[in-house]
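Okay, here's what each chain looks like letter by letter:
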Amino acid sequence: MKQLVLILFFLCTICTELSAQKNITSLSPTINIKGVVKEDIREIKAGTPFTLQRFVKLTQYQPSDPNYRQAVLIVNGQQQGVGLNDMYKLEFTPTDPNTFWLAAQINSRLVQYYETKGLQETMRKEMENEANTYLDELEKAGMIYEDAAMEDYVHCIMLSMIPKEFIAERYGMPYIRILKSPNPDILMLSNNCMLVSSGLLTLLDTEDELFGMLARETAHYVLDHAVITVNKNINRANRAAFWGGVADVAGLAIEAALYNKYENYVPGAIFTTNAIVQTLVNYDIYNRMGLDYSKQQEKEADDVAVQFMQFMKKDPSALISAQNKILQYYLNTSVNFYRKIKS
């Protein structure tokens, strides 16, 4: 009889656990970020260390209930659920670049964004295809500067900051291509290609300045600003028609450059003509790809880049110095730059 009672108790325990698991939907992979509680959260006192394990959705609650979405913390060896409305009471203490960027994504409320919008894989694939098309157009126009040593140098700096994990699954490893343009530009495409212009590399004076600009663009990338912006850019022309028009205009600019024999239009040159640059580096194209970031997104990228430089023991004033040089360049030229530096 005692054995039967134990068996029934064991079976009930299993059923209860299975039932509980059915009510839990994971909103993130296991991330394990350490931190300290800043303000009391129920019985968890301020100053208590924790490890944030993951984010979950408890489907036994209504979506309007504060307990519907929770962060699962390990506190004193036990799991504790904290509603996402109380996340501001937690302070993270990253230990490496990976946990720094995970914390930045959490603080940017990307968990809530992905739970509401989903991962939007169809749109991401479309954005990747558009980025590939754009890169093809740049290569056909001779705007990619082939220099393995320069690419490797910038690539190594970028790899020192790119995270290995994200709150939501991201595919592919970022890589560098050098854009043959006198204008100091840098942007991350949706196919994981970071374009860095030769003009930027010649304008900046220190490695910390370059590190700062790469960190700023990495912040846009990690915080998914392009996807968020594309969602807001509702009016989007047919992809084939849009890029067909771009190719036609670029082709005319190339023919004009060859016909007029511009002095700086030389195969293999570090810069190309401004006429060609303007057809392939302009506001319409970057609006199309979600790279016309809002003031709020620009400020967020600035703030996170400064924090990252401090975390990596780099001089954060180097980012301000680099931005001032870029701004001064555009103020001193007649070129209409596609993205303004917003301090």
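Residues numbered from 1 in each chain as written. Predicted model: local features only at pLDDT ≥ 70, side-chain atom pairs only at ≥ 80, totals over all residues. Heavy atoms only, no water.

### Describing the packing of helix α2 (residues 97-107) against helix α12 (residues 295-311)
Helix-helix packing is described using two parameters, namely the angle between the two axes and the distance between the axes. For the pair α2 and α12, the least separation of the axes is 11 Å and the interaxial angle reads 155°. Taken together, the axes of α2 and α12 lie roughly antiparallel to each other. At the point where α2 passes α12, the crossing takes the right-handed sense. For the pair α2 and α12, the contacting residues are P97, F100, W101 and A104 in the first and V304, Q307, F308 and F311 in the second. For the contact of α2 with α12, the class distribution of residues is seven nonpolar, one polar and no charged. (Axes fitted to C-alpha atoms, helices over the stretch in contact; angles between N-to-C directions. Helix = DSSP H or I, 4+ residues; strand = E, 2+ residues; numbered from the N terminus. Parallel < 35°, antiparallel > 145°, perpendicular 65-115°, else oblique. Left-handed = near helix turned anticlockwise from the far one by under 90°. Contact = heavy atoms within 4.5 Å. Nonpolar A, V, L, I, M, F, W, Y, C, P; charged D, E, K, R; others polar.)

### Side note on the confidence of the model for the protein
On average, the protein scores 79 in pLDDT, and the residues at 70 or more come to 74%. Low pLDDT, under 50, characterises residues 5-22; the stretch is placed with one contact to residues that sit more than four places away or in other chains. Counting interchain partners and residues more than four positions distant, the pLDDT-below-50 stretch residues 234-280 has 87 contacts. (pLDDT = per-residue confidence, 0-100.)

### Digging into the pairing of strand β10 (residues 193-197)
Of all the five residues making up β10, five are buried; the element is thus mostly covered by neighbouring parts of the structure. Residues of β10 alternate between two faces, with C193, L195 and S197 on one and M194 and V196 on the opposite face, all of them buried. Sheet analysis places strand β8 (residues 175-179) next to β10, joined by five bridges and oriented parallel. Bridged to R177 within β10 is L195. (Buried < 20%, exposed > 50% of the residue type's maximum accessible area, 1.4 Å probe, protein only. Pairing = 2+ DSSP bridges.)

### Thoughts on the environment of S181
Mapping S181 onto the fold places it in the loop between β8 and β9 (186-188). At 3.1 Å, the side chain of S181 forms a polar contact with the backbone nitrogen of N183. (Polar contact = N/O pair within 3.5 Å; in protein donor to acceptor, adjacent residues only side chain to side chain.)

### A word on the packing of helix α7 (residues 207-222) against helix α13 (residues 317-331)
Here α7 crosses α13 at 85°, and the two axes come no closer than 8 Å. Judged by the inter-axis angle, α7 sits roughly perpendicular to α13. Every residue of α13 that contacts α7 at D208, E209, G212, M213 and R216 is listed here: A318, L319, S321, A322, Q323, K325 and I326. For the contact of α7 with α13, the residue count by class is five nonpolar, three polar and four charged.

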